Amino acid sequence: MLGVVFMLPAMVLLGAFFFWPLLRTIYLSFFDASILGQPSFVGIQNYADAFTDSDFGQAVLFTVLYTVIMTPVLLAIGFGLALLVRKNTRVTRVFQTIYFIPVVIGMASASYLALYIWQPDIGPLPNLLGRLGLGNASTNLFANFWTVFLIVTVTVVWKVAGLQMLLLISGMQSISTDVMEAAKIDGAGAWQTFRHITLPLLRPTLALVLVFSVAGSLLAFDQFFILSGGGPENSTLTAVFQIYRVSFIQFHLGYGSALSILLMLVLGAVSAVQMLLLRNSDNS
Amino acid sequence: MTSTTARTTLRSRSTAQTDAPRRRRSSFLPTGAWWVVNVCLAVLFLYPLYILIIQAIKSPAEAAAVPPTAFPHQFSLHNFVELGTSQGGLSLLSSLGNSLFVSVLTTLVTLVVSTFAGYAFAKLPFRGSRFLFFVTLVTFMVPFQAIITPLYLTLKDLGLQNNLVGLSLVMATFNLPFGIFVMRNSFAAIPPSLEEAALIDGATAFGAMRRVMLPIAVPGLVSTALLTFFAAWNEFFATLILITDQSKYTLPVSLSILSAGQNNSVNWGLLEAGVLITVIPCVVIYLILQKYYVAGLLSGAVK
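Residues numbered from 1 in each chain as written. Chains lettered and ligands numbered in written order. Predicted model: local features only at pLDDT ≥ 70, side-chain atom pairs only at ≥ 80, totals over all residues.

## What about the overall build of chain A?
Each helix and strand counted, chain A has 13 helices and 2 strands in total. C-alpha atoms of chain A, sized along the principal axes, occupy 75 × 65 × 40 Å. Per-residue burial over chain A gives 42% buried out of 284 residues. At a minimum sequence separation of 6, the contacts of chain A that also span at least 24 residues come to 68%. (Helix = DSSP H or I, 4+ residues; strand = E, 2+ residues; numbered from the N terminus. Buried ≥ 20, exposed ≤ 12 C-beta atoms within 10 Å, placed from the backbone. Contact = placed C-beta atoms within 7 Å.)

Here it is in structure tokens:
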């Protein structure tokens, strides 16, 4: 009985601020609702609209593009860092700490910092690039799709790579040294050991890291809200950004809920597929 | 039999041999190259933080200089003084207060609630508690961004919309699954004999938890507290939507008003000073309590 009492506060919070809103999202998604006024039932109209809504379609495409580019870049850099500093010595721990510091800084703070660093004229990096002859310091890099995309990518890599590194290092360290030594004795070189021992045994960690970065990229909002504001010409609006606009700027709460449900389904599907793929190939 | 012996000797010899090259920190790079690569990377990773600090301590004129100065010619606390003055109805100092309030309240609620629930899951199982634990973990799969609209409406119904307590409760809820998970594992790792001994000595179930079990679970508590505090301190999206009154904004959201600029001009020195006071607590706490932070992160991630 005491167990029930102990659990009660947690269940009340999860019920009130998770399950109830979740049910309400599903419910609202079948209505034409705004903040004021009576919602009217529209069946699956909101979902039907979502598939013909070119604004949302473009946001989805952009989010997919961002995810497809971000995920391998992050993984490669996280993996590289992990390989560099995976040994547990005093010096490597210092470097691990340095690479991890940006992780504890919020995405918003990192974005405000990048906003200044890449400003035309007054920003130090455009200035540096200008001096190196790699561009003009006065060019507004936030006004062009690809340059602002690059700025976001660099910022996110700086902020997140350390987390991927840490997870990968912990995965690498959990591989028994016996296996490694056995491989060495059998005459395996560094590359062979990596390819045939480290990589397969690291599969669960890789799955985790991939789910983190795919889910994080699909939910991207802060960095685009601050660095690009969705521009130029709405070309960097992400799915969450578009849902925010639909729900809280245009006040189409019902339609926004339908879009949220779609986003939730996609996220669920992505992590399920990723888990399945990585688990199945285990047996090969 | 012989081959096993041979293998064992070989292995012990190979261990002895690797003693010297063991000093090499990577099997991929020679030591010199390893140092060069790491020092370059460290410079790249620290560069933005260097820029952040010097920009915040430059005088207003220097902060807006073209081209930017590589190091401050003049040390100025002007930006930090200005944090306290109102910028068009927005005082960053009160935002700092709001941030502290929300982060501390979120952390406290998460700690207390997840300690009780974690203890119940680990030590006081009842019919259906396994199912409830599964339900708790399911919440990991749903991003709160997806249910933000009804969250806004629910808070409105409760009279907690545009309210820092409401925001804290929401953030605590979204940190609960992690907290419960970590606390359950912390308590589950304690042998039952310890609890039994306390009960035999006449402690009540609650007393056993508080006096005997809780002290052992301190590392789990610290990890949960750290991760929750960081998440609440840095939260942007939830605050942006659930708080509509500028005077109640937390630091990350207040800064968005500053970065949008007034009359088309952004006060970069002031903005970066604001970012600096947002960043410093996180970095300092991380450097001091790194061990707990990393342990919590790993135990939560590798579930």
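## Concerning the overall build of chain B
The number of helices and strands found in chain B is 15 helices and 0 strands. Expressed as a percentage of its 303 residues, the buried residues of chain B come to 39%. Within chain B, counting contacts between residues at least 6 apart in sequence, those at least 24 apart form 74% of the total.

## Focus: the confidence of the model for chain B
All names here are of chain B. Put simply, chain B has an average pLDDT of 83, and 87% of its residues get 70 or more. Ranking the elements of chain B by mean pLDDT puts helix H1 (residues 2–18) last with 38 and helix H5 (residues 92–123) first with 94. Throughout residues 1–22 the model reports pLDDT below 50, and contacts reaching past four residues in sequence, or to other chains, amount to 6 contacts. Both scores are available for the predicted complex, with the pTM at 0.88 and the ipTM at 0.88. (pLDDT = per-residue confidence, 0-100.)

## As for the environment of Leu141(A)
Residues and elements named next belong to chain A. Relative to the elements of secondary structure, Leu141 occurs in the loop between helix H6 (124–131) and helix H7 (145–173). Leu141 sits 21 residues away from Pro120 along the chain, and the two C-alpha atoms are 7.1 Å apart. Apart from residues no more than four positions distant in its own chain, Leu141 is found in contact with Trp118, Pro120, Pro126, Thr147, Val148 and Ile151.

## Side note on the interface of chain B and chain A
Taken together, the contact between chain B and chain A spans 74 residues of the former and 72 residues of the latter. Tallied by class, residues from the side of chain B that touches chain A come to 53 nonpolar, 18 polar and 3 charged. (Nonpolar A, V, L, I, M, F, W, Y, C, P; charged D, E, K, R; others polar.)

## Observations concerning unusual backbone geometry
Note the cis peptide between Gly231(A) and Pro232(A), where omega equals -5°. As for its placement among the helices and strands, Pro232(A) is situated in the loop between helix H11 (222–227) and helix H12 (239–248). Across the junction of Val66(B) and Pro67(B), the peptide omega takes the value -10°, indicating a cis bond. Structurally, Pro67(B) is set in the loop between helix H3 (60–63) and helix H4 (78–83). At Asn234(A), a residue that is not glycine, the phi angle is positive and equals roughly 60°. Mapped onto the fold, Asn234(A) is located in the loop between H11 and H12.

## Section: the packing of H5(B) against helix H11 (residues 218–234) of chain B
All names here are of chain B. Close contact between H5 and H11 brings their axes to 8 Å; oriented N to C, the two are set at 145°. Along this stretch, H5 crosses H11, giving a crossing that reads as right-handed. Contact residues: Ser99, Val102, Ser103, Thr106, Thr107, Thr110, Leu111, Ser114 and Thr115 in H5; Leu221, Thr224, Ala225, Thr228, Phe229, Ala232 and Trp233 in H11. Split into classes, the residues belonging to the contact of H5 with H11 amount to 7 nonpolar, 9 polar and no charged. (Axes fitted to C-alpha atoms, helices over the stretch in contact; angles between N-to-C directions. Left-handed = near helix turned anticlockwise from the far one by under 90°.)

## Re H7(A)
With 29 residues, H7(A) extends 41 Å from end C-alpha to end C-alpha; this agrees with the ideal 42 Å at 1.5 Å per step. The axis of H7(A) is deflected most strongly, by about 40°, at Val160(A). (Expected span 1.5 Å × (residues − 1). Bend = angle between axes of the 7 residues up to and from the residue.)

## Side note on the environment of Thr278(B)
For Thr278(B), the position within the fold is in helix H14 (residues 268–288). Taking the C-alpha atoms as reference points, Thr278(B) and Asn234(B), 44 residues apart in sequence, are found 8.1 Å from one another. Residues within four places of Thr278(B) in sequence aside, it is in contact with Gly106(A), Ser109(A), Leu251(B) and Pro252(B).

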